Structures are given as structure tokens and as C-alpha cells.
Amino acid sequence: MSELPGDEWRLDERTMRQAIAEAELASEVEDVPVGAVIVHEGRIIGRGHNQREHLQDPTAHAEMIALTAAANALGSWRLEGCTLYVTLEPCAMCAGAIVLARIERLVLGADDPKAGACGSVFNLVQDDRLNHKVSVERGILAQECGSLLSDFFAKQRAMGKK
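This write-up is about the structure you can find in this document. Computed from a prediction, not measured in an experiment: that's the story for all the values here.

Within strand β4 (residues 105-110), 6 of the 6 residues are buried, which leaves the element mostly enclosed by the surrounding structure. Here strand β3 (residues 82-88) runs beside β4; their pairing, made up of 5 bridges, is parallel. Of the residues in β4, the one forming a bridge with threonine 83 is arginine 105. Since β3 and β4 lie parallel, the crossover through helix α4 (residues 92-100) that links them has a hand, and here it is right-handed. As paired strands, β4 and strand β5 (residues 135-137) are joined by 3 bridges and run parallel to one another. Bridge pairing links valine 107 to glutamate 137 in β5.

This is the structure we're talking about:
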């Protein structure tokens, strides 16, 4: 029995709320509020939020942390059959890692018109020249995801930061 399109939307929305909760964790420690979760066979196997400030690591993006956690959970770097939910469109680094990890489906919250590499500026995840293409769903809770970012940066500017 297949799921109805409305059922998939509700599942995507519920799971994106988990990614938003991860983004809120990043915001609490004054890092850019981006969160990600990875689902395999109906259960979350990887979570991550930005930790660049905490770890002083330019690669500590939410997606990268979630990919590592998911690979550890499955015991394989090949994340075939997995869906990645992320509150902000991935950058080029993360999009490349998503392709290399063989993620099947990517569900995005807010688009990133300045650095997005999944359709906004570049589209690495669906480039015909690469050996794997990722299915992309856009705009799941986009306004809520975008508000997290705009509120964060407004607070940072008010404090004279970033």
C-alpha cells in the first residue's frame, strides 16, 4: 500500500520539525541555526546542528554532522535509502557530501539564494555529470526555517556581531 501525497507531506513536516529543533540548539550556543536529521526506514538515524563556533571547525555544518551520525548508525558510508531533512539549503561542501553519501532524497526548508548548492546558486545534487542524483523537495516549513535565520542574524547585528 502506498502513502498518499498528503501523508508524505505530513511526514515531511513532522520530520522537518525535528530538524528545526536541532537548529534551535545551534542558536542557543550562538551558532547559525541550521539543523538536519536523516531518516532510514522510518526512523531517525542521524541528527546534527551547526557547531562551527563550538568546535572552531569550518566543516561542522549540520548536514556533515548528521551524515557522520547516520553512517555510524548504519555502519556504512553509503546512505542509500535515506532522506535528509535540513532547515536551510545545503552549501557546495554539504551538497557534495550528500551526493557522495548516496542520499536518496533531500527535503529542504528555506532556500539559500547566496550559497545554496541544491538549486538556488548551483545544483550539485542533480548534476548529470556526477554518478548519483538526489531527489529534492523544497519549501517544507520554509517560512519557519527562514525566520529562525533572520531572527538570529537580527539579534547578532543588534549585539554588534556578524
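The structure having been displayed, the exposition proceeds.
We now examine the environment of glutamine 18. Here glutamine 18 lies in helix α1 (residues 5-28). Here the alpha-carbon distance between glutamine 18 and valine 37, two residues 19 residues apart in the chain, equals 7.0 Å.

Thresholds applied
- Residues numbered from 1 in each chain as written.
- Predicted model: local features only at pLDDT ≥ 70, side-chain atom pairs only at ≥ 80, totals over all residues.
- Heavy atoms only, no water.
- Buried < 20%, exposed > 50% of the residue type's maximum accessible area, 1.4 Å probe, protein only.
- Helix = DSSP H or I, 4+ residues; strand = E, 2+ residues; numbered from the N terminus.
- Pairing = 2+ DSSP bridges.
- Right-handed = clockwise from strand over helix to strand, strands pointing away.

Read these as spatial facts, not as claims about activity.
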